Amino acid sequence: MYDLVIKNGFVVDGSGGPRYPADVAVSGGRIVRIGRINERAARTLDADGQVVAPGFVDGHTHMDAQVFWDPLGSCSCYHGVTTVIMGNCGFTLAPCAADDADFVFRNLERAEDLSRDAMKAGIDWRWETFPEYLDVIDRLPKGINYGGYIGHSALRTWAMGERAFSEQATPDELARMCRQVQDAIRAGAIGFSTSRTYNHLTSDDRPVASRVADWDEVRAIVNAMGELGAGIFELASEAPGRSPRRQAEYFGRLKQLAVESGCPVTYGMPSIRIAPDLWPAYYDLGDEVAAAGGRLFVQAHSRSISTMLSFKSHTPFDAWEVWKDVRTKPLDEQKALFADPDMKRRLVEIATRPYEGPEVVGAEARPPEWDWVYLFNGIGDEVLMTEVAAKRGVHPVEAMIDIALERDFDVFFRQPLANEDQDAVLKMMKHPRSVVTFSDSGAHVAQIMDSSLQTHLLSHWVREKQEFTLEEAVRLITYDTASAWGLHDRGLLREGLNADIVVFDPDTVAPNMPELVNDLPAGAQRLKQTSRGIAWTVVNGEVLLEGERATGATPGRLVRGPLARAAG
């Protein structure tokens, strides 16, 4: 008798090949048979008229802290994701001793919008080295599967202490970092990650620790990883801008490192409206690296990347004069102040002044360009605030306040940060050197909500725009992503592979409206988004979700890298 049989569905197996009717049988966490199955099972799911696909794989998340307080793996799990890679951009919890946890919190709390109070309340610190951290993760109850990088910022502070935020490493400190990375790869780290982007700052406006390192340090660490013949190098990329000389120098360094280390190199690259010509070169670099004997692939998103503004979370004006006094008060008091005609007039006058404050970075709410701010009424239902304001005969700031009051603050305004041009998004997804991923799940928790990029791909680009067949889209988020990260035991429905399976209705699958909740440790806030049209999510042969309802199962596992898998 099988553990689980999924009957009467249409198998879309992740290869890109055409769908076909078949049953799928599971035992011991593995797919054991695909075809016509009449034998009994401990549980049978009737997938009549629905698609049976491999669980989706997301290669870019930041769930390193969340995994300690959220066994389910939300919000990724709500969108068919069964395996994630965390620890991107150099941001990890290890290596780090418990007494030095403040270093990690300093790197994470602003750059990744993770509440220090939530991390202190929610993380049970039982490690110092990265191998010890992996063992802790291995023992945690988990809904989905997790693999992880060792991150440069934590690595630097572990080796250098406070000096990591201001100085270069000594030869002995660099040697210690290289040894720790090699130990991490042997223990099962997926690779090594770093950040070189100006967007990543500490809460006191300093660069996170990895940004202080010179390129020679990065190169030494990646080459140390390469000596083992395993590991991926992921980075939040530098921004050389439009200077051909600076871009050529940066690309040259990346190509040289990919070739000499033998390690695949990957980064995310969106388009931005102020420089729409920049992104293609970052993708085409993959061809140059391949021609030189290395490997480089680029992570592409499936939609625009946006800050979600709300009077319950963040507005662009929270730190401005007068606004900052109002916005620190309880919501009921704020509503009364915004409704007061004299106070509202003063707030509108201040918000319409030219911005003269510090630079806003990352996913933080920024001074609005009103032609690029939307009233977000729901998925596929939004309108520019300039149009809303024109109909009301007021300034967009006043319209924003009035709408918030009319809806008792239950409203979002969408502020695009990148990928405004959807034609460019489509080209990036179709580029031969791209993989479709980069949800950032677990980071920017009250700022952006991109955990739904997979259900957006299926609903928008497949069903509405018909730019991909269903089979093509499923391959993008299963086999292609799993293969890019060397996870060859998943991403396809094949006998003998992991039984990570998603059953969904292709005619209705879509993301739901996001909501703000206060369910993090210490009552910290985050955005939450579920989906519709997914009937069952199966992880390692056990049903994790029935629709969006958790079954209570925790079948997720730690996904270790190839050296650890070979040793084990």
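What you are looking at is a predicted structure, and each value in this text was computed from that prediction instead of being measured. (Residues numbered from 1 in each chain as written. Predicted model: local features only at pLDDT ≥ 70, side-chain atom pairs only at ≥ 80, totals over all residues. Heavy atoms only, no water.)

**Notes on the environment of I379**
Step number 1: Within the fold, I379 resides in the loop between strand 15 (374-378) and strand 16 (381-384).
Step number 2: I379 sits in the partly exposed class, given a relative accessible area of 40%.
Step number 3: C-alpha separation for the pair I379 and M513, spaced 134 residues apart in sequence, amounts to 6.3 Å.
Step number 4: Setting aside residues no more than four positions away along its own chain, I379 makes contact with P511, N512, M513 and Q529. (Helix = DSSP H or I, 4+ residues; strand = E, 2+ residues; numbered from the N terminus. Buried < 20%, exposed > 50% of the residue type's maximum accessible area, 1.4 Å probe, protein only. Contact = heavy atoms within 4.5 Å.)

**Regarding the pattern of salt bridges**
Step number 1: With the rule as written, the count across this model stands at 46 salt bridges.
Step number 2: Two residues, D23 and K7, come together in a salt bridge whose shortest N-O distance is 3.1 Å. Taken together, the residues D23 in strand 2 (residues 20-27) and K7 in strand 1 (residues 2-11) connect sequence positions 16 residues apart.
Step number 3: In this structure, K312 engages D410 in a salt bridge whose closest nitrogen and oxygen atoms are separated by 2.3 Å. With K312 in the loop between strand 14 (305-309) and helix 10 (323-327) and D410 in the loop between helix 14 (396-406) and strand 17 (412-418), this residue pair connects regions lying 98 residues apart in the sequence.
Step number 4: Using a relative accessible area of 49% as the deciding quantity, one classes D410 as partly exposed.
Step number 5: Connected through salt bridges with shared partners, the residues D102, R106, E109, R116, E162, D204 and R206 form a single ionic network. (Salt bridge = Lys/Arg side-chain N within 4 Å of Asp/Glu carboxyl O.)

**What to know about the sheet that holds strand 17**
Step number 1: If you walk across this open sheet you meet the four strands as 14-17-15-16, and the pairing is antiparallel. A strand with exactly one partner marks an edge of an open sheet, and here the two such strands are strand 14 and strand 16. Strand-to-strand twist in this sheet, taken as the mean axis angle between neighbours without regard to direction, amounts to 35 degrees.
Step number 2: Here three bridges tie strand 15 to strand 17, and the two strands are oriented antiparallel to one another. Each bridged residue has a counterpart across the sheet, and for Y374 the counterpart in strand 17 is R414. (Pairing = 2+ DSSP bridges. Axes fitted to C-alpha atoms, helices over the stretch in contact; angles between N-to-C directions.)

**Notes on the packing of aromatic side chains**
Step number 1: In this structure the tally under the stated criterion is 20 aromatic pairs.
Step number 2: Look at F105 and W125: their rings are 6.1 Å apart centre to centre, the planes differ by 80 degrees, and that puts the pair in the edge-to-face class. Highlighted residues: F105 in helix 1 (residues 101-108) and W125 in the loop between helix 2 (116-122) and helix 3 (130-139), separated in sequence by 20 residues.
Step number 3: On the basis of relative accessibility, which here comes to 15%, the residue W125 falls in the buried class.
Step number 4: Ring plane angle 45 degrees and centroid distance 4.9 Å describe the contact between F317 and W323, whose orientation is recorded as tilted. (Phe/Tyr/Trp six-rings, centres within 6.5 Å; stacked < 30°, edge-to-face > 60°.)

**Details of the nonpolar core**
Step number 1: Of all hydrophobic cores here, the largest spans 120 residues; its most connected members are F68, L93, Y133, F233 and F504.
Step number 2: Apart from residues no more than four positions distant in its own chain, Y133 is found in contact with D64, F68, M86, L93, A94 and W127.
Step number 3: Listed in part, the 29 residues of the second largest apolar core include M343, I403, A404 and V411. (Core = buried A, V, L, I, M, F, W, Y, C linked by side-chain atoms within 4.5 Å.)

**Observations concerning the pairing of strand 24 (residues 534-539)**
Step number 1: Counting buried positions over the six residues of strand 24 gives six, a clear majority of the element.
Step number 2: By the bridge criterion, four bridges tie strand 24 to strand 25 (residues 542-546) in an arrangement that is antiparallel. Within strand 25, the residue paired with V538 across the bridge is V543.
Step number 3: Between strand 24 and the antiparallel strand that follows it, strand 25, lie two residues; N540 among them carries a positive phi value of about 50 degrees.

**Description of the environment of G442**
Step number 1: The residue G442 is located in the loop between strand 18 (434-436) and helix 16 (453-464) in this model.
Step number 2: In this structure G442 comes out as buried when scored by relative accessible area, which is 10%.
Step number 3: With 172 residues separating them in the primary sequence, G442 and P270 have C-alpha atoms 19 Å apart.
Step number 4: Each residue touching G442, except ones within four places of it in the same chain, is listed here: H62, M63, Q66 and L114.

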